[in-house]
Amino acid sequence: MRMQSEEGMIADTNNYAYGKFVPVFIKYFNGGTDCGLRGCESYEYGSSDIDAQLSQNYQIFSKKRYAGSGYFDEGQYIMSDSMFLMIENNSAAGNSILISVDVNGFYKKPNIWGYDLFTFQIDEESGKVLPMGAPGTRWTNHDTYCSATSENRVNGASCAYKAFTEKDYFKNLP
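Quick caveat: nothing in here was measured; it's all calculated off a predicted structure.

Q: Tell me about the state of the cysteines, residues and numbers included.
A: As used here, a disulfide is simply a covalent bond connecting the sulfur atoms of two cysteines. Summed over the entire model, instances satisfying the criterion amount to 2 disulfides. The disulfide partner of C35 is C40, and the gap between their sulfur atoms is 2.0 Å. Where C35 bonds to C40 through sulfur, the torsion about that S-S bond is close to -55 degrees, and the disulfide is left-handed. Bridging C146 to C159, the disulfide has an S-S length of 2.0 Å. As the torsion about the S-S bond is roughly 110 degrees, the C146-C159 disulfide counts as right-handed. Of this pair, C146 sits in the loop between α3 (142–145) and α4 (159–165) while C159 sits in helix α4, and the two are 13 residues apart along the sequence.

Q: Outline the nonpolar core, listing residues and values.
A: Counting residues in each nonpolar core, the largest one holds 25 residues, and the members touching the most others are M3, A11, F21, F25, L85, I87 and I99. Elements represented by at least two residues in this core include exactly α2 (21–25), β6 (84–90), β7 (96–102), β8 (117–122) and α4. Those residues in contact with F21 that sit more than four places away from it in its chain are M3, A11, Y16, E74, I87, N89, I97, I99 and I122.

Q: Break down the pattern of salt bridges for me, citing the residues and quoting the values.
A: All told, the structure shown has 2 salt bridges when counted by the stated rule. When the shortest N-O distance is used, the salt bridge between R2 and E6 registers 3.0 Å. Separated by 4 residues within a single helix, R2 and E6 lie in helix α1 (residues 2–7), roughly one turn from each other.

Cut-offs applied
- Residues numbered from 1 in each chain as written.
- Predicted model: local features only at pLDDT ≥ 70, side-chain atom pairs only at ≥ 80, totals over all residues.
- Heavy atoms only, no water.
- Disulfide = S-S within 2.5 Å.
- Helix = DSSP H or I, 4+ residues; strand = E, 2+ residues; numbered from the N terminus.
- Core = buried A, V, L, I, M, F, W, Y, C linked by side-chain atoms within 4.5 Å.
- Buried < 20%, exposed > 50% of the residue type's maximum accessible area, 1.4 Å probe, protein only.
- Contact = heavy atoms within 4.5 Å.
- Salt bridge = Lys/Arg side-chain N within 4 Å of Asp/Glu carboxyl O.

Below is the structure:
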């Protein structure tokens, strides 16, 4: 919100084209390491379009496969407290800016979406940062995107909303 106030515009894909958001955004953090596009979290190409980019470090919520990392590849940043940010800002994000946060850091396990990795979306209208899975965000179907059984490559993305709204979320992790 500070960035948006000082820059005088909402952080959305209309105001920040691909490659333009991250350099402005990371100026608002003290210390830390800019990993560039893929300097920390890397990916490999899968055998099909469905598996076009697969993380080599992060699993989906059901732990049945690695996450689709096409949503982590516009910029990466390790904060001074070790939290790890991965940013997406292009058509893969549905023309939204997504910020995925590994709350305990890139080098600490479990590195599982919905366990220590949570995704947020900047609302295009208000500029507010919303937990993915909240009404109005890209992935709200928890049966697919925060499921102990789903094998979808972004399963775990909508768990941020559940973590915020369900009192015993962390006690009930599968």
